[in-house]
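# Working through the structure, step by step
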Amino acid sequence: MKTTVIITAYKADAFIEECLDSVFKQKHLHEVLLSIDSCTDTLDKVNEIRSKYGDKLKVFFCPVNVGTFPQ
């Protein structure tokens, strides 16, 4: 069984690498979908480290802060 993990992030630049490292240690990981909610600091950090996760990491950036559950 393959697993897809969805992560939402806002102002997470200080700990996003630790989070991703932990997720990528899991067995049966198919992909990680990372949604960054209008935080360019987090996006910059992810762009800096994303090569170590390969194409299993898919990054989505929303330029407007809408929160995890937009209404």
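Above this text sits the structure in question.
Parameters at a glance
Residues numbered from 1 in each chain as written. Predicted model: local features only at pLDDT ≥ 70, side-chain atom pairs only at ≥ 80, totals over all residues. Heavy atoms only, no water. Helix = DSSP H or I, 4+ residues; strand = E, 2+ residues; numbered from the N terminus. Rg over C-alpha atoms; globule rule 2.2 N^0.38 Å. Buried < 20%, exposed > 50% of the residue type's maximum accessible area, 1.4 Å probe, protein only. Areas by Shrake-Rupley, 256 points an atom, 1.4 Å probe, with all protein chains shown as cover. Lys, Arg positive; Asp, Glu negative; His and termini not counted. Charge placed at Lys NZ, Arg CZ, Asp CG, Glu CD. Salt bridge = Lys/Arg side-chain N within 4 Å of Asp/Glu carboxyl O. Pairing = 2+ DSSP bridges. Axes fitted to C-alpha atoms, helices over the stretch in contact; angles between N-to-C directions.

### Quick notes on the overall build of the protein chain
For the protein chain, the count of helices and strands is two helices and three strands. Secondary structure elements in the protein chain, listed N-terminal to C-terminal, are β-α-β-α-β. Taken over the C-alpha trace, the protein chain has a radius of gyration of 12 Å; the compact-globule value for 71 residues is 11 Å, and the two agree within 12%. Overall, the protein chain is about 35 × 30 × 20 Å in size when its C-alpha atoms are taken along their principal axes. Split into buried and exposed, the 71 residues of the protein chain put 28% on the buried side. Accessible area for the protein chain stands at about 5,000 Å²; split by element, carbon and sulfur atoms hold 54% of it. When the 9 basic and 10 acidic side-chain charges of the protein chain are each reduced to a single mean position, those positions are 9 Å apart.

### A few points about the pattern of salt bridges
Per the stated rule, a full pass over the model turns up five salt bridges. When the shortest N-O distance is used, the salt bridge between D21 and K52 registers 3.2 Å. On the criterion of sequence distance, the pair formed by D21 in helix α1 (residues 16-24) and K52 in the loop between α2 (40-49) and β3 (57-62) is long-range, its members being 31 residues apart. Judged by its relative accessible area of 28%, D21 is partly exposed. Among the residues examined, K52 registers a relative accessible area of 46% and is labelled partly exposed. The salt bridge partner of E48 is K45, with a shortest N-O separation of 3.4 Å. Highlighted residues: E48 and K45, both in helix α2, separated by three residues, approximately one helical turn. Through salt bridges with shared partners, a single ionic network connects E17, D21, K45, E48 and K52.

### Quick word on the sheet that holds strand β1 (residues 3-9)
Ordered by their spatial adjacency, three strands build an open sheet running β1-β2-β3, and the pairing between neighbours is parallel. Each having just a single partner strand, β1 and β3 make up the two edges of the open sheet. Taking each pair of neighbouring strands and ignoring which way they run, the sheet shows an average axis angle of 15°. Across seven bridges, the pairing between β1 and strand β2 (residues 29-37) is parallel.

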